[in-house]
Amino acid sequence: VQLQASGGGLVQVGGSLRLACAVSGRAFSSYAMGWFRQAPGKEREFVSAINWRGDSSYYAASVKGRFTIARDDAKNTVNLQMNSLKPEDTALYYCAMVTRPFRMPQTQSNEYTYWGQGTEVTVSS
């Protein structure tokens, strides 16, 4: 199973980025997906997750209302639209796939087996 995250970059405060995670090697449509991030010197934290059907999603309080997660089963991708970016959103962003199929969105990293390599997001003020 491979997860390839992309879309990171340098953006000014208030700007937008759209992260994408392409998945191969597993029946993508059966598995919930998530995004986590890790800022320099900090622990990895949950950002957002979506269930296997794409009709339920969770967000960290710090990003709710600004970020939107969506999945495209036809393309085996999960996207994270990030708007109104803040300096505190600066981090390495990881996508991940849960261990077991047909799950609701999961917020704990130990529920995820497969991880992408990360894509870097830098928000400048």
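Not measured: the values here are computed from a predicted model. (Residues numbered from 1 in each chain as written. Predicted model: local features only at pLDDT ≥ 70, side-chain atom pairs only at ≥ 80, totals over all residues. Heavy atoms only, no water.)

Undergrad: Is there a simple way to explain the packing of aromatic side chains in this structure?
TA: For any pair of aromatic rings, the description rests on two quantities: the centre-to-centre distance and the angle between the ring planes. A complete count under the given rule lists five aromatic pairs for this structure. Residues tryptophan 52 and phenylalanine 102 carry aromatic rings whose centres are separated by 4.9 Å and whose planes lie at 80° to one another, so their mutual orientation is edge-to-face. Within this pair, whereas tryptophan 52 is found in the loop between strand 5 (45-50) and strand 6 (57-59), its partner phenylalanine 102 is found in the loop between strand 9 (91-98) and strand 10 (112-115), the two being separated by 50 residues in sequence. Taking relative accessible area as the criterion, tryptophan 52 reaches 27% and is therefore assigned partly exposed. For phenylalanine 102, a relative accessible area of 52% puts it in the exposed group. Linked through ring pairs, Phe36, Phe46, Tyr112 and Trp115 together constitute an aromatic cluster. Over the aromatic face of tryptophan 115 sits the side chain of arginine 44, whose NZ or CZ is 4.0 Å from the ring centroid. Cation over ring: arginine 71 sits above phenylalanine 28, and NZ or CZ is 4.4 Å from the ring centre. (Phe/Tyr/Trp six-rings, centres within 6.5 Å; stacked < 30°, edge-to-face > 60°. Helix = DSSP H or I, 4+ residues; strand = E, 2+ residues; numbered from the N terminus. Buried < 20%, exposed > 50% of the residue type's maximum accessible area, 1.4 Å probe, protein only. Lys NZ or Arg CZ within 6 Å of the ring centre and 35° of its normal.)

Undergrad: Please explain the environment of serine 62 as it appears in this structure.
TA: With respect to the element layout, serine 62 can be found in the loop between strand 6 and strand 7 (67-72). For serine 62 and aspartate 89, which are 27 residues apart along the polypeptide, the C-alpha to C-alpha distance reads 8.9 Å. In this structure the side chain of serine 62 is engaged in a polar contact, spanning 3.5 Å, whose partner is the side chain of arginine 37. (Polar contact = N/O pair within 3.5 Å; in protein donor to acceptor, adjacent residues only side chain to side chain.)

Undergrad: Any chance you could explain the pattern of salt bridges here in plain terms?
TA: Opposite charge on two side chains permits pairing when their charged atoms draw close. Counted according to the given criterion, the structure contains six salt bridges. Two residues, arginine 37 and aspartate 89, come together in a salt bridge whose shortest N-O distance is 2.9 Å. On the criterion of sequence distance, the pair formed by arginine 37 in strand 4 (residues 33-38) and aspartate 89 in the loop between strand 8 (77-82) and strand 9 is long-range, its members being 52 residues apart. In terms of burial, arginine 37 and aspartate 89 fall into one category: buried. For the salt bridge of aspartate 89 with arginine 66, the shortest nitrogen-to-oxygen distance reads 2.7 Å. Placement of the pair is aspartate 89 in the loop between strand 8 and strand 9 and arginine 66 in the loop between strand 6 and strand 7, with a sequence separation of 23 residues. You can call aspartate 89 buried: its relative accessible area is 1%. Looking at arginine 66, the relative accessible area reads 10%, which means it is buried. (Salt bridge = Lys/Arg side-chain N within 4 Å of Asp/Glu carboxyl O.)

Undergrad: How should I be thinking about the environment of lysine 75 in this particular structure?
TA: Position of lysine 75 among the secondary structure elements: in the loop between strand 7 and strand 8. As a C-alpha pair, lysine 75 and serine 24 span 51 residues in sequence and 9.9 Å in three-dimensional space.

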